[in-house]
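# Examination of the molecular architecture
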Amino acid sequence: MKKKICLLHTGGTIGMIRSSQGYLPKEHYLETVLNTIEDLKNEAMPDFDFFEMSPLLDSSDMAFEDWNRIGYELSLRYNDYDGFVVLHGTDTMAYTASALSFMLEGLNKPVILTGSQIPLCEVRSDGRDNLVTSLLIAQDAKYPEVCLYFGGRLLRGNRATKMSADGLLAFDSPNCPHLAEAGIEIRYLPAPKTPKAERDFKLCPLENVPIGVLKVFPGISFPIFDKLMTEKLRGIVLETFGAGNIPNEGNALLPIIKRAFEAGSVICVSSQCPQGTVSLGAYKTSSPLKEAGAVSAFDMTTEACVAKLYYLFSKGYNKEEIKHLMEENLRGELTH
Ligand code: ASP
């Protein structure tokens, strides 16, 4: 029997049309385009049903409420389909993939996010292959988790990051091997296992948690940090140099971090390097961060750190539990 896939359209370039202000999403348009693609009716393809969200969004306009809406649409149909393909804009696709990987608890079916850099309405669109291959990957169900497929690469969703603003190989997962590569054939590759929680499928919606991402740079003016890092921010992702280092000169940042921590914020130290891991304490410039109560993001992407903070706060854990879980591998989002 043929597998049945749910194809959920959330917006993004793949289904956009040209306008005088540039590309924008158009309601009830993509389905008519898909009906003209003969390959989608090929014997090898799974059966699929198309659903369109309203409003369709440029993914730059998405926020946690939209992750909740997508999660809700998927959970509503979870029992009726063998797998899911989510059409999404590329700009924040890695954030949504990370968020869904946490929110879809006990997930045991493939959820493949994809989109395109060039709309389907243009001759050189990369959308056709991304869509066709994603449907085939959802049908194969080799990885029953949240994945991102783009430009021939199947990536673990919470490891993916957008690497190129205009290239067709727009995504990669520098700290996790590709799950598959689609050349002449779709070649599935061995990947680190995700911890399997033996639970029934359940959606955990996210709450409005004030989270900040602060990028350290040479010569940063610390008084500005002081104004931002108040108890109003419950989670702070601190993007540091290399393996977790911050400028120690003048000792200006640490008291601010300590104060934020004592006020109840969870401070997660990530690296500005796309590849490699944070190692707090490896240098004198990073050990005080640990003493100030910060936790390590290890090799998590910023996208995964943000989504994980939203998730853990929404679950109602206390600060100590969140600190502990930020450093644990929950869905394959970090290596250790
Ligand atoms: N701005 C678009 C979006 O993220 C870009 C894209 O889809 O490639 O929705």
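Residues numbered from 1 in each chain as written. Predicted model: local features only at pLDDT ≥ 70, side-chain atom pairs only at ≥ 80, totals over all residues. Heavy atoms only, no water.

## Examining the sheet that holds strand β1 (residues 4-11)
- Across the sheet, which stays open at both edges, the eight strands sit in the order β4-β1-β5-β7-β8-β9-β12-β13 with mixed pairing between neighbours. Sheet topology places β4 (47-57) and β13 (186-188) at the edges, where each strand pairs with a single neighbour. For this sheet, the mean inter-axis angle between neighbouring strands, taken without regard to orientation, is 20 degrees.
- Relative to β13, strand β12 (residues 180-182) is paired through three bridges, and the arrangement is antiparallel. Paired with A182 across the two strands is I186, which belongs to β13.
- On top of the sheet, helix α3 (residues 93-103) reaches β7 (111-114) and β8 (146-150); it is set at about 160 degrees to β8, its chief contact. (Pairing = 2+ DSSP bridges. Helix = DSSP H or I, 4+ residues; strand = E, 2+ residues; numbered from the N terminus. Axes fitted to C-alpha atoms, helices over the stretch in contact; angles between N-to-C directions. Contact = heavy atoms within 4.5 Å.)

## Focus on the pairing of β8
- By the criterion of burial, β8 is predominantly enclosed, with five of the five residues buried.
- Neither face of β8 is exposed, since V146, L148 and F150 on one face and C147 and Y149 on the opposite face are all buried.
- With three bridges joining them, β7 and β8 adopt parallel strand pairing. Bridge pairing in β8 places V111 opposite V146. (Buried < 20%, exposed > 50% of the residue type's maximum accessible area, 1.4 Å probe, protein only.)

## A short note on the site of the ligand
- Around the ligand, the structure places G12, T13, M16, D58, S59, G89, T90, D91, S116 and Q117.
- A distance of 2.5 Å separates an oxygen atom of the ligand from a polar atom in the side chain of S59.
- Across the complex, the protein chains shield 90% of the 270 Å² of accessible surface that the ligand would expose by itself.
- Here the shell around the ligand is composed, by residue class, of one nonpolar, seven polar and two charged. (Near = heavy atom within 4 Å. Polar contact = N/O pair within 3.5 Å; in protein donor to acceptor, adjacent residues only side chain to side chain. Areas by Shrake-Rupley, 256 points an atom, 1.4 Å probe, with all protein chains shown as cover. Nonpolar A, V, L, I, M, F, W, Y, C, P; charged D, E, K, R; others polar.)

## Some points on the nonpolar core
- With 55 residues, the main nonpolar core has L74 and V111 as its most contacted residues.
- Top element by residues in this core is helix α8 (residues 302-314). It accounts for nine residues.
- Setting aside residues up to four positions removed in sequence, V111 forms contacts with L74, F84, V86, L104, E145, V146 and C147.
- Membership of the second largest hydrophobic core comes to 28 residues, among which are Y29, I112, L136 and L154. (Core = buried A, V, L, I, M, F, W, Y, C linked by side-chain atoms within 4.5 Å.)

## Details of the pairing of strand β16 (residues 235-240)
- With six of its six residues buried, β16 lies for the most part within the structure.
- Side chains G235, V237 and E239 project from β16 onto one buried face, and the interleaved I236, L238 and T240 project onto a second face that is buried too.
- Relative to β16, strand β15 (residues 211-215) is paired through five bridges, and the arrangement is parallel. Of the residues in β16, the one forming a bridge with K215 is E239.

## Some remarks on the packing of α8 against helix α9 (residues 319-326)
- Between α8 and α9, whose axes approach to 10 Å, the crossing angle comes to 145 degrees. Where α8 crosses over α9, the handedness of that crossing is right-handed. Residues C305, K308, L309, L312 and F313 of α8 lie in contact with α9, whose contacting residues are I322, L325 and M326.
- Of the residues contributing to the contact of α8 with α9, the split by class is seven nonpolar, no polar and one charged. (Left-handed = near helix turned anticlockwise from the far one by under 90°.)

## Overview of the environment of E65
- Mapped onto the elements of the fold, E65 is located in helix α2 (residues 64-76).
- The spacing of E65 and I112 is 47 residues in sequence and 20 Å in space, taken between C-alpha atoms.

## A word on the packing of aromatic side chains
- Across all of its chains, the model carries eight aromatic pairs by this definition.
- With a centroid separation of 6.2 Å and 5 degrees between ring planes, the pair formed by Y78 and F84 is classed as stacked. There is no split in this pair, since Y78 and F84 are both buried.
- When the centroid spacing of 6.3 Å and the interplanar angle of 65 degrees are considered together, the rings of Y81 and F84 count as edge-to-face.
- The class of Y81 is buried, set by a relative accessible area of 6%. (Phe/Tyr/Trp six-rings, centres within 6.5 Å; stacked < 30°, edge-to-face > 60°.)

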